[in-house]
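Descriptive analysis of the structure
Listed here are the chains, written in short residue letters.
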Amino acid sequence: MKSNYDILGNHIRLIDTRNRESITDRVLGINIDKFFMPSVANVIGTDLSKYKLITKGKFACNPMHVGRDERLPVALYDEEEPAIVSPAYFMFEVVDNSILNEDYLMMWFRRPEFDRICWLHTDGSVRGGITWDDICRLELPIPPIEKQLEIVNSYKAITERIALKQKINDNLEATASAMFKERFSIERANPEWLVGTLQDLYTFQYGKGNNNPDNGGVYPVYGSNGIIGGYDEYNNEDAPVIGHIGINCGSLVFALGKHFVTYNGVMCNVNNPKNKYFGYLTLANSRLQAHVRGSSQPFVSYDMLYEIKAVLPPSEVIEQFEKQVTPLFEQVSSNQREIKHLLELQTIQLARLAN
């Protein structure tokens, strides 16, 4: 073991603060990307006073599904207002942040190698859980606090740049969507124009089954809700992807460049390449999630998509609109390329933590 390594248990401790005074009813879960998210659990009729109250600077993790997901869902809470998490979660804090910085520790948790080691420590249950003692026995490098802060600040600068570029992209897409709604929504469209369905604009196809969606390949892999890995093959190019099944079904993302779509996504291939952005904005304004079917396992089907109405203006009108919005989406594409590069830099930084 390197000289600056120590076991995690020497630097963290469990905390168990309950929501006994009903301070909040905002229930959060943790996704496999290690961020807090609104809980998908049905808590109607649940006594929320038994839930754990988490505040800024504290960690929570779900130890129950590591074997299944091959990741430990753990996150650092950074909001001012408290929230609550499941009583089954481990909630913990750093013992002395003059020795170990919380953000530095969260960076360590984000390393793929950390998840691999956690997976090796899982028990033999169906889901594959990990114990608190096993977590505490994990080792990590603890350089001087000044070095930790330097690493954290560098990582945060990249994170903030990614957030800025993503916000710009959100604004660009919102602008394009507003232009679309103004002219082509069902309510505002020229009454002389045809009204058809999405079938007039797209051919839909489920993605391909993939048991290893992150083999380190150069092509981004899209599942039901955005990129989930990189693969060495692609099965589509420059096309929207709709979430096919599960809690994210009906979600929509424009997958730029060559990419791989798993069975959890629906590939949307526009019938006329000249209608690329008009078609995408039609999908984005079709309220896809309102058409989802199924209860225990919600899904999007071909039949559902082909039934959704769509305005079909004359080709010259669509061509004019494409010219107006293309510069916006070209800027989005440029920003996405920069975001991809920045994410690669983050990965490199995380890998260097062990050096």
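Above this note sits the structure.
This one's a predicted model, so the numbers in the text were calculated from it and none came from an experiment.

The subject of this paragraph is helix α8 (residues 315-352). A rise of 1.5 Å per residue sets the reference length of α8, with its 38 residues, at 56 Å; its end C-alpha atoms lie 53 Å apart and thus fit the reference within 8%. Bending of α8 peaks at approximately 40 degrees at the position of Val325, with proline Pro327 no more than four residues after it.

Our focus in this paragraph is the layout of surface pockets. Within this model, the second largest pocket holds a volume of roughly 340 Å³. Around the second largest pocket, the lining is made up of 15 residues, and of these Ser185, Ile186, Asn285, Ser286 and Lys309 lie nearest the centre. For the lining of the second largest pocket, the residue count by class is six nonpolar, five polar and four charged.

Here we take up the state of the cysteines. According to the stated counting rule, one finds zero disulfides in the structure shown. Between Cys61, a free cysteine, and Cys118, which holds the nearest cysteine sulfur, the sulfur-to-sulfur gap is 8.5 Å. Note on Cys61: relative accessible area 1%, which makes it buried. Among the cysteines around Cys268, which has no disulfide bond, Cys249 carries the closest sulfur, lying 13 Å off.

What follows concerns the sheet that holds strand β6 (residues 59-61). The four strands are arranged β2-β9-β6-β7 in an open sheet whose pairing can be described as antiparallel. Of all the strands in the sheet, just β2 (12-14) and β7 (74-76) have a single pairing partner and so form its edges. Taken over all neighbouring pairs, the strand axes of this sheet differ in orientation by 30 degrees on average, direction set aside. In terms of strand pairing, β2 meets strand β9 (residues 90-94) through three bridges, oriented antiparallel. Residue pairing in the sheet places Ile12 in a bridge with Val94 of β9. Strands β2, β6, β7 and β9 of the sheet are contacted by helix α2 (residues 102-109), whose axis makes an angle of about 155 degrees with β7.

So, how was this worked out
Residues numbered from 1 in each chain as written. Predicted model: local features only at pLDDT ≥ 70, side-chain atom pairs only at ≥ 80, totals over all residues. Heavy atoms only, no water. Helix = DSSP H or I, 4+ residues; strand = E, 2+ residues; numbered from the N terminus. Expected span 1.5 Å × (residues − 1). Bend = angle between axes of the 7 residues up to and from the residue. 1 Å grid on protein atoms, 1.4 Å probe; cavity = no way out; pocket = protein on both sides within 12 Å on 5 of 7 lines; lining within 4 Å. Points joined across faces, edges and corners; volume = space filled by probe spheres on them. Nonpolar A, V, L, I, M, F, W, Y, C, P; charged D, E, K, R; others polar. Disulfide = S-S within 2.5 Å. Buried < 20%, exposed > 50% of the residue type's maximum accessible area, 1.4 Å probe, protein only. Pairing = 2+ DSSP bridges. Axes fitted to C-alpha atoms, helices over the stretch in contact; angles between N-to-C directions. Contact = heavy atoms within 4.5 Å.

Purely spatial values, then, with no claim about function.
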